[in-house]
Amino acid sequence: MADDKYYTLAEGCPFANNASAVLMRGKQGSGLGLLQDTQLIETLAHFSRERIPERVVHAKAVGSYGEFEATRDCSDFTSASFLNKVGKKTPVLQRVSTVGPESGSADTSRDVHGWAMKFYTDEGNQDFVFNNTPVFFIRDPLKFPSLNRSHKRHPQTHLPDANMFWDFHVGNPEGIHQLLILFSDRGTPKSVRYMHSYSGHTYKFTKPDGSFKYAKIHVKTQQGVENLSSQEATRIAGEDPDFMIRDMFEAIERGEYPTWNIYVQLMSPEEAENYKWNIFDMTKVWSHTEFPLQQIGRLTMNRNPQNYFADIEQAAFSPSTMVPGIAASADPVLQARLFAYPDAARYRLGVNYQQLPTNAAKAQVYCPFQRDGAMRFDDNYGGDPNYVGSWIKPTKFYQDAKGIRASALALHTDHEKWVGEVSAYTSEITDDDFVQPAALWEVLGRVSGQQDRVIENLVGSLTGVKYPELRRAVYSLFGRVNNNLGFMLQERTEAVIKTVQN
Ligand code: HEM
């Protein structure tokens, strides 16, 4: 066979004609298909199977590659090696998504935007699975599926439904801070290049001596924050539903590489004990004056995916994917997420999803206690022991022979001691929950016309609520942020509804 390129079946057998089926042809020129036409059968069978489940949330996304460069030696608060030398570069995969709508939906719809990053560090992968908002709707993880269903489609009509949306939020008012952000200009960012993102959760930066700092992480666009008006977002959703994907792809193709500076806010465990807010409640932010932002690095996205499915759709991010030196805090939402993402990936991509090229660590991986399973596609650790040593310590003999050792870096230290009682968690709200939203309402007032736009955006949604008592509950929820806000919402919404009814 000549060594030029030719079409083959998936098993490599060359095939002469890749453009037509093989038929038992009659006089008319057409005819019967044959089971022996392996190419036809394989082609049709594969086509029917080429979709994998889309993510249950965050299905529509923009993806790209780039690099992180450390701008500070952070060894005073973390042992993470990618942060321990100024100028050190780490390759990064980024995936920025809307949350509720499906994969084919418009990416300018009003929504929170997810912001996932995979840092392929020399100590294994570090995933940051953030949002473009510094707070979240809930602080009890059990509410997550309900939150998302209320933002998605009604089980009967299969339509987005303002009644469900507001019914959820009236019943779970701890989300008021996030709601205000969602209905502000920031609910319709201009594109990926013009938005910030945030850890939201409190994380921990740790050192091998057991000391640690609590941290919130901020990713700040260097292109400047730009948002679309509601009208522009709606127009673009109709004219170019893939606007954000196009914007990012074309900017990178033009060589206009977007950059973000990455900052941390740090808090000692003692400060956390005495802080006025519960730092494990992700409906709250930390004061920037008391805990100033310190820059740790710079992110530049400079390479488009070669193949969207392989690079972005098959990517799996998880807050549980952390390098030594970074750890989860006791935030219950974060704790639940540590389970949910690998679980989702095993369902969506299969049990060996970490082997897919886009997820594979660039650091060495030796994990012989996790092997076999569907679609294992490497040597599966050959004959290496698949069990931890017992009395005769066979794995120890093996490790000694091969020079394999436990990594000192991966040692766990006791960072916290907990004493408590097992009981159902309550995330009931108090007046305290309205302090930060009220302050945000004042801040929104500093940008010309923004409070008015928040009201207009809320009215746009509330006019879809058909139950007057539910609308009244929403007015009173926003009235707890600011009396006038509640009043204006009521006035304008009811006026629109009256006009429509007449
Ligand atoms: C209890 C709370 C939460 C649960 C159970 C949860 C669960 C999930 C699940 C199941 C997925 C789909 C994963 C996949 O199929 O690969 C997902 C995606 C995502 N979530 Fe969450 N989530 C929670 C809260 C949050 C929060 C608070 C944030 C941000 C601070 C966040 C950010 C994201 C992002 C960015 C993605 C998309 C990841 C990607 O690009 O593949 N989630 N979440």
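Thresholds, definitions, all that
Residues numbered from 1 in each chain as written. Predicted model: local features only at pLDDT ≥ 70, side-chain atom pairs only at ≥ 80, totals over all residues. Heavy atoms only, no water. Domains from an automatic or database assignment. Buried < 20%, exposed > 50% of the residue type's maximum accessible area, 1.4 Å probe, protein only. Helix = DSSP H or I, 4+ residues; strand = E, 2+ residues; numbered from the N terminus. Pairing = 2+ DSSP bridges. Donors = N, O, S within 2.8 Å, 3.2 Å for Na, K, Ca; no water. Polar contact = N/O pair within 3.5 Å; in protein donor to acceptor, adjacent residues only side chain to side chain. Contact = heavy atoms within 4.5 Å. Axes fitted to C-alpha atoms, helices over the stretch in contact; angles between N-to-C directions. Parallel < 35°, antiparallel > 145°, perpendicular 65-115°, else oblique. Nonpolar A, V, L, I, M, F, W, Y, C, P; charged D, E, K, R; others polar.

**Student:** Give a detailed account of the domain arrangement of the protein, specifying residues and quantitative values.
**Tutor:** How big an interface is tends to be stated in terms of the accessible area lost upon association of its parts. Domain annotation of the protein identifies domain 1 (1–50), domain 2 (61–355) and domain 3 (431–501). Using only C-alpha atoms to locate each centre, domain 1 and domain 3 end up separated by 62 Å.

**Student:** Lay out the pairing of strand β3 (residues 61–70) with the relevant residues and their values.
**Tutor:** Counting buried positions along β3 yields 8 of 10 residues, so the element is predominantly enclosed. Pairing analysis gives 9 bridges linking β3 to strand β4 (residues 89–98), with the strands arranged antiparallel. In the sheet register, Glu69 faces β4, and the bridge partner there is Lys89. Two strands pair when backbone bridges link them, and β3 and strand β11 (residues 294–303) are joined in this way by 6 bridges, in the antiparallel orientation. Its bridge partner being in β11, Gly66 is matched across the sheet by Met301.

**Student:** Tell me about the coordination of the iron atom of the ligand, and name the residues and values.
**Tutor:** From the protein, the iron atom of the ligand takes a single donor atom, Tyr341 (OH), 1.8 Å away. Summarising the element assignment, Tyr341 is placed in helix α9 (residues 332–348).

**Student:** An account of the side chain of Ser329 is needed here, citing residue identities and associated values.
**Tutor:** Within the element layout of this structure, Ser329 appears in the loop between β12 (326–328) and α9. A residue is classified by how much of its surface remains accessible, and Ser329, at 1% relative accessible area, is buried. Within polar-contact distance, the side chain of Ser329 engages the backbone oxygen of Thr202 at 2.6 Å. Within the structure, Ser329 has its side chain in polar contact with the backbone nitrogen of Asp331 (distance 3.2 Å). Filtering out sequence-adjacent residues up to four positions away, Ser329 remains in contact with Thr202, Tyr203, Lys204, Tyr214, Phe280, Leu334 and Gln335.

**Student:** Explain the packing of helix α2 (residues 144–151) against helix α3 (residues 162–171) to me, using residue names and the numbers behind them.
**Tutor:** Look at α2 against α3: their axes get within 7 Å of each other, and the N-to-C directions meet at 150°. Taken together, the axes of α2 and α3 are roughly antiparallel relative to one another. On α3, the residues that touch Ser146, Leu147, Arg149, Ser150 and His151 of α2 are Met164, Phe165, Phe168 and His169. Its residues assigned to classes, the contact of α2 with α3 shows 4 nonpolar, 4 polar and 1 charged.

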